[in-house]
Amino acid sequence: MNLPAKVKVAFYWNASCGGCEEAIVDLGEDLFKVLEAVDIVFWPVALDFKLEDVERLSDGEIDVAFINGGIRFSEHEKVVKLLRRKSKIVVAYGSCAHLGGIPGLANLWTKASIMDYVYLKAPSVVNESKTLPKEITQTDAGDLELPAFLDALKPLGQVIDVDYYVPGCPPTPNVTLKAIETLLSGKLPPKGAVLGASARALCDTCPLNETKPEKLAIKEFRRPHTFIPDPKKCLLAQGLLCLGPVTRGGCEAKCIKANMPCTGCFGPLDNVLDFGARALSFIASIIDQRDEEGIKKALGPIIDLVGQVYKFSLPSCPLRGLIKRKEV
Ligand code: SF4
Ligand code: SF4
């Protein structure tokens, strides 16, 4: 696909923390180079665009739409479907759009129990009248409408057709820049490719890789807050659950350099369907215990195993429809 000299670009966010919007600004001086090459036609976080500005565009008039965040509200669905229609290329930008991200862990609970906890039961909530948000509230001035809270969070690709993915929570400046350069070059990779990151595991390029033992044998995992790890030694070898061996590389080992284990925000390698299952099978392969008691002991310090292995990807799990959802 040949892109025009001045590429029309849109940015939008759905259910996310805002870090992916910050990541665009984190390009620093390179942002000015990007701005020279593009014409921003929609970026509600930073510029005063309205939805009508997008509606007025012809179908396919936006060259690239970068969409971050998962889809949790009816408004998200509406806007991303509109952006899909108006855009030649849609990029799912960041972990939440790519795989569901951290907000996707809420899919372990029913929609009703999330509302119940957030508005009634959370320790910091004072709500004596037990008011819950309603989609329609009638007032003397007319009906007030709120977007509907959907049954579960979905990554972008489960709602609209996505052309490319940019991984990370959030994507690093280098990854973002490489992805933009690829898109502007006009030499587009096959549809569905992950842009800007590496095809190799993070572990392969980790500065601590040479200290990683050939064979790992963990008797018992350790929690990061219980000791200060040796910054010159593989964190996994020190008992910290580092998911670098099963995570896509390209982040420049940001967490490892801060003496923290990788929790997998860049997602799975090519051809891995389910990051959590891959992570679990990796964990099983390095536990040096033989019986059930021993395995329980090894995993004991991992308080929330699902939250660890599916931290960024629960809504993408192929078995998601079978998960029995919890009540608070
Ligand atoms: S610290 Fe993590 S990413 Fe680095 S070598 Fe060890 S297991 Fe691999
Ligand atoms: S080390 Fe892991 S969790 Fe940290 S930024 Fe890189 S991929 Fe993400």
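Residues numbered from 1 in each chain as written. Chains lettered and ligands numbered in written order. Predicted model: local features only at pLDDT ≥ 70, side-chain atom pairs only at ≥ 80, totals over all residues. Heavy atoms only, no water.

Student: Looking at this structure, how should I read the site of ligand 1?
Tutor: Looking at ligand 1, the residues that line it are Cys203, Cys206, Leu208, Asn209, Lys212, Cys234, Leu235, Leu236, Cys242, Gly244, Pro245 and Ile256. Judged by its atoms lying within 2 Å of the grid points, ligand 1 is housed in the largest cavity. Looking at the shell around ligand 1 residue by residue, the class counts come to 9 nonpolar, 2 polar and 1 charged. (Near = heavy atom within 4 Å. 1 Å grid on protein atoms, 1.4 Å probe; cavity = no way out; pocket = protein on both sides within 12 Å on 5 of 7 lines; lining within 4 Å. Sits in = over half its atoms within 2 Å of the grid points. Nonpolar A, V, L, I, M, F, W, Y, C, P; charged D, E, K, R; others polar.)

Student: Which parts of the structure should I look at to understand the pattern of salt bridges?
Tutor: Opposite charge on two side chains permits them to pair, given that their charged atoms come into close proximity. Evaluation of the coordinates by the stated rule reveals 17 salt bridges. Two residues, Asp48 and Lys50, come together in a salt bridge whose shortest N-O distance is 2.6 Å. With a relative accessible area of 65%, Asp48 lands in the exposed category. Assessed through its relative accessible area of 44%, Lys50 is described here as partly exposed. For the salt bridge of Asp204 with Arg200, the shortest nitrogen-to-oxygen distance reads 3.7 Å. Taking the relative accessible area as the measure of exposure, Arg200 reaches 46% and is therefore partly exposed. (Salt bridge = Lys/Arg side-chain N within 4 Å of Asp/Glu carboxyl O. Buried < 20%, exposed > 50% of the residue type's maximum accessible area, 1.4 Å probe, protein only.)

Student: How do you make sense of the site of ligand 2 when you look at a structure like this?
Tutor: Lining the immediate surroundings of ligand 2 are Leu202, Thr247, Cys251, Cys255, Cys262, Thr263, Gly264, Cys265 and Phe266. Each residue belonging to the shell around ligand 2 can be placed in one class, and the counts come to 6 nonpolar, 3 polar and no charged.

Student: Whenever I open this one, the environment of Val118 confuses me. Can you help?
Tutor: Residue placement: Val118 occurs in helix H6 (residues 111-121). Its relative accessible area of 44% is what places Val118 among the partly exposed residues. Between the C-alpha atom of Val118 and that of Ala237, which follows or precedes it by 119 residues, the distance is 39 Å. (Helix = DSSP H or I, 4+ residues; strand = E, 2+ residues; numbered from the N terminus.)

Student: Mind showing me how you'd approach the layout of surface pockets here?
Tutor: One water molecule sets the probe size; rolling that probe over the atoms shows where empty space is left. Empty space within the largest pocket amounts to approximately 470 Å³. If you go around the largest pocket, you meet 22 residues; those closest to its centre are His98, Leu99, Pro268, Val272 and Leu273. Looking at side-chain class alone, the lining of the largest pocket contains 12 nonpolar, 6 polar and 4 charged residues. In terms of domain composition, the lining of the largest pocket takes at least three residues from each of domain 1 (7-102 + 152-185) and domain 3 (202-316). (Points joined across faces, edges and corners; volume = space filled by probe spheres on them. Domains from an automatic or database assignment.)

Student: I keep staring at a nonpolar patch on the surface and nothing clicks. Help me out?
Tutor: Judged by side-chain polarity, Tyr117, Val118, Tyr119, Leu132 and Val328 come together as a nonpolar surface patch covering roughly 420 Å² of accessible area. Residue placement: Tyr117 occurs in helix H6. Residue Tyr117 is classed as partly exposed on the basis of its relative accessible area, which comes to 34%. (Patch = residues over 30% accessible without salt bridge, like charges linked within 9 Å, V, L, I, M, F, W, Y side chains within 5 Å. Areas by Shrake-Rupley, 256 points an atom, 1.4 Å probe, with all protein chains shown as cover.)

Student: Got a minute to help me understand the nonpolar core in this structure?
Tutor: Inside soluble globular proteins, nonpolar side chains tend to come together where they are buried. In terms of nonpolar packing, the biggest core is built from 61 residues, with Phe66, Val91, Leu183, Phe221, Leu236 and Ile256 touching the most fellow members. Both domains that furnish three or more residues to this core are identified here as domain 1 (7-102 + 152-185) and domain 3 (202-316). Discounting residues that sit within four places of it in the chain, Phe221 has contacts with Leu236, Gly239, Leu240, Leu241, Ile283, Ile286, Ile287, Ala298, Leu299, Pro301 and Ile302. With 23 residues, the next largest nonpolar core counts Ala10, Val41, Ile67 and Leu150 among its residues. (Core = buried A, V, L, I, M, F, W, Y, C linked by side-chain atoms within 4.5 Å. Contact = heavy atoms within 4.5 Å.)

Treat this as a map of the structure, not an account of what it does.
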